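# Observations on chain architecture
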Amino acid sequence: MVQILSFIHNLTTMLFGIYISAFFLGVKQNRKNIFKLFLLFACQGIVYIISFLLLGMTVTDRLYAIIIHLPLILFLTLYYKYPVISSCISVFSAYLCCQLSNWIGLLALEITGKQWCYYTSRIVITLISFFLLCRFVCRTTETIFARDTREFYIIGFLPTVYYFFDYSFTKLSDMLYSSHKIVIEFMGFVFCISYFAFLFVYFREYEKKQELKQYSDLMKMQLLSIEKEIEQVKRSKQKFSILKHDMRHHLNFILTQLQNNKTEKAIEYIEEISNIYDDTIIATYCRNEMVNSVISIYHVRFADRKVAFNCDISIGGTLPCPDTAICAILSNALENSMHALEEMDTEEKWVNLTISEKNNHLLLQIENPIVRVPRFVDGIPISDKKGHGIGVKSIIYYVEQLNGQCQFSLTDHSFILRIII
């Protein structure tokens, strides 16, 4: 019975290693792949049996990596086209997972002193581990093994070291059981290195998440600010409607003052009305009220800075993207142009804005002259000034959210931003 259980244990362990190695990488768990992997298992099993009959169990155990693991790595690499490093780490990880059944089997042997309890425990735990890994873990490992990053190498570091450690000190020699302190403490050393590496990567990822969170909060605050500004413009529009309705009364009052030779009072009243109208003017550039509001806001700001603002807008009332998103992009782009022009000493300051629609896509282009050529990194202008550069990041953020494209370029001392949404 012990020999039968030992044989079943060897079969289940080999099947476990082959299937888990493949499924960790992302090989689909369908009938076709299961059959192909079983054929690989059958071929390796035949070679293993031949080696056992010719060379004996001791030599075959030492050759296990060459008989089983090396062909498996080559099969995953050459047939399923996975990178060699990924295939190796997947096989090493599956090997590490076998240690769970090994330890529980040794525990059962220590408690009962029965060899059949050792093999039975290993078979049962191997089957349970296989089910749990396939059901809950393989989807995650598929994502991890698909990444070519330092996190992947750090994750694979521990199973790789353990694989070579176990083979060197238990299969190829018995140094692990010879009481050499340097051997016994080696895995503690490896765990320490792995832990430090994990902490380093974890905190780097934590910092990135915190930075993304702060950036996301900033985007929300910026969008809220834009919405408040647009709401203020809408209230000004209502105020303008009221003033327009009351224009007849204002003219009658002015006429009365002039007829009574109260010219100065009439002039003061005209100036007062003029100031009120300046705050309520919303020009009509297109049929979209929100875009009109944003452009009107910046038209006043450019006028205050003596900047010629040229607009060519041809869009409908309904845009192919959310109004708030396009207003955030437009506001940031115009804000960047305004800041760039503030650095110029020349009186010839201008901004050209073009917005159009084509094939259900929104095309936006903003052009303005520049004095200092910005530094570009990966096609994106980078500002060295503290507190600057957020506008560009905001534009990229919103464009990516809308699955659009943006391009920053320089031509003849002019800065051009093109956006397609």
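In this report, we go over the structure that sits alongside the text. Here, residues in each chain are numbered from 1, in the same order as that chain's written sequence. Given that the model is predicted, a residue must reach a pLDDT of at least 70 before its local features are reported, and side-chain atom pairs must reach 80 or more before they are shown or counted; all residues, however, enter totals for whole chains, interfaces and linings. Derived side-chain values reflect all non-hydrogen atoms in the structure, with water molecules and hydrogen atoms excluded from consideration.

Looking only at helices and strands, the protein chain features 14 helices and seven strands. Three labels apply to residues, based on accessible area from a 1.4 Å probe with only protein chains included: buried if under 20% of the type maximum, exposed if over 50%, partly exposed otherwise in between. Burial analysis of the protein chain (421 residues in total) assigns 38% to the buried set. Intrachain contacts of the protein chain at a sequence separation of at least 6 include 68% that bridge at least 24 residues. For the purposes of this entry, the term helix denotes a DSSP run of H or I that reaches at least four residues, the term strand denotes a run of E that reaches at least two, and both are numbered from the N terminus. Contact between two residues is taken to exist if any of their heavy atoms lie within 4.5 Å; hydrogens are not considered.

Turning to a nonpolar patch on the surface, a few remarks are in order. Here, patches come from residues exposed beyond 30% relative accessible area and free of salt bridges, joined within 9 Å for like charges and within 5 Å for nonpolar side chains (Val, Leu, Ile, Met, Phe, Trp, Tyr). For accessible areas, the Shrake-Rupley method is used with a probe of radius 1.4 Å. Any residue's cover is judged against the shown protein chains and nothing else. One side-chain nitrogen of Lys or Arg within 4 Å of one carboxyl oxygen of Asp or Glu is enough to make a salt bridge. On the surface, Ile-46, Ile-49, Ile-50, Phe-52, Leu-53, Leu-54, Leu-55, Met-57 and Val-59 cluster together into a nonpolar patch covering about 870 Å² of accessible area. Put simply, the parts of the chain that give the nonpolar patch at least two residues each are α2 (31–55) and α3 (57–62). For the nonpolar patch, the leading source of residues is α2, giving seven residues. Its location among the elements puts Ile-50 in helix α2. Taking the relative accessible area as the measure of exposure, Ile-50 reaches 45% and is therefore partly exposed.

Tracing the backbone through its elements, the reader meets Gln-3 in helix α1 (residues 2–25). C-alpha separation for the pair Gln-3 and Gln-115, spaced 112 residues apart in sequence, amounts to 9.7 Å.

Further remarks concern the sheet that holds strand β1 (residues 308–314). When DSSP locates at least two bridges between a pair of strands, those strands are taken to pair. Taken together, the five strands give an open sheet; going across it, the order is β1-β2-β3-β7-β6, and neighbouring strands pair in mixed fashion. Looking along the sheet, the strands with just one partner apiece sit at the ends: β1 and β6 (405–411). Here the average twist between neighbouring strands, direction ignored, is 10°. Each axis is a line fitted through C-alpha atoms, and for a helix only the stretch in contact is used; angles between axes span 0 to 180 degrees, taken between their N-to-C directions. Those strands touched by helix α12 (residues 289–304) are β1 and β2 (350–358), and its axis lies near 165° from that of β1.

Relative to the elements of secondary structure, Ser-337 occurs in helix α13 (residues 323–342). With a relative accessible area of 3%, Ser-337 lands in the buried category.

With that settled, the discussion passes to the packing of α1 against α2. With their axes 10 Å apart at the nearest point, α1 and α2 run at an angle of 135° to one another. When the interaxial angle is binned, α1 and α2 end up oblique. Our pair here, α1 against α2, has a crossing hand that is right-handed. Here Leu-11, Met-14, Leu-15, Ile-18, Tyr-19, Ala-22 and Phe-23 of α1 come into contact with α2, specifically with Ile-34, Leu-37, Phe-38, Leu-40, Phe-41, Gln-44, Gly-45 and Tyr-48. Under the scheme applied here, ten amino acids are nonpolar (Ala, Val, Leu, Ile, Met, Phe, Trp, Tyr, Cys and Pro), four are charged (Asp, Glu, Lys and Arg), and all others, including Gly, are polar. Of the residues contributing to the contact of α1 with α2, the split by class is 13 nonpolar, two polar and no charged. Working rule for angles: under 35 degrees goes down as roughly parallel, over 145 as roughly antiparallel, 65 to 115 as roughly perpendicular, anything else as oblique. Throughout, a crossing is termed right-handed when the near helix is turned clockwise from the far one, and left-handed when it is turned anticlockwise from it by less than a right angle.

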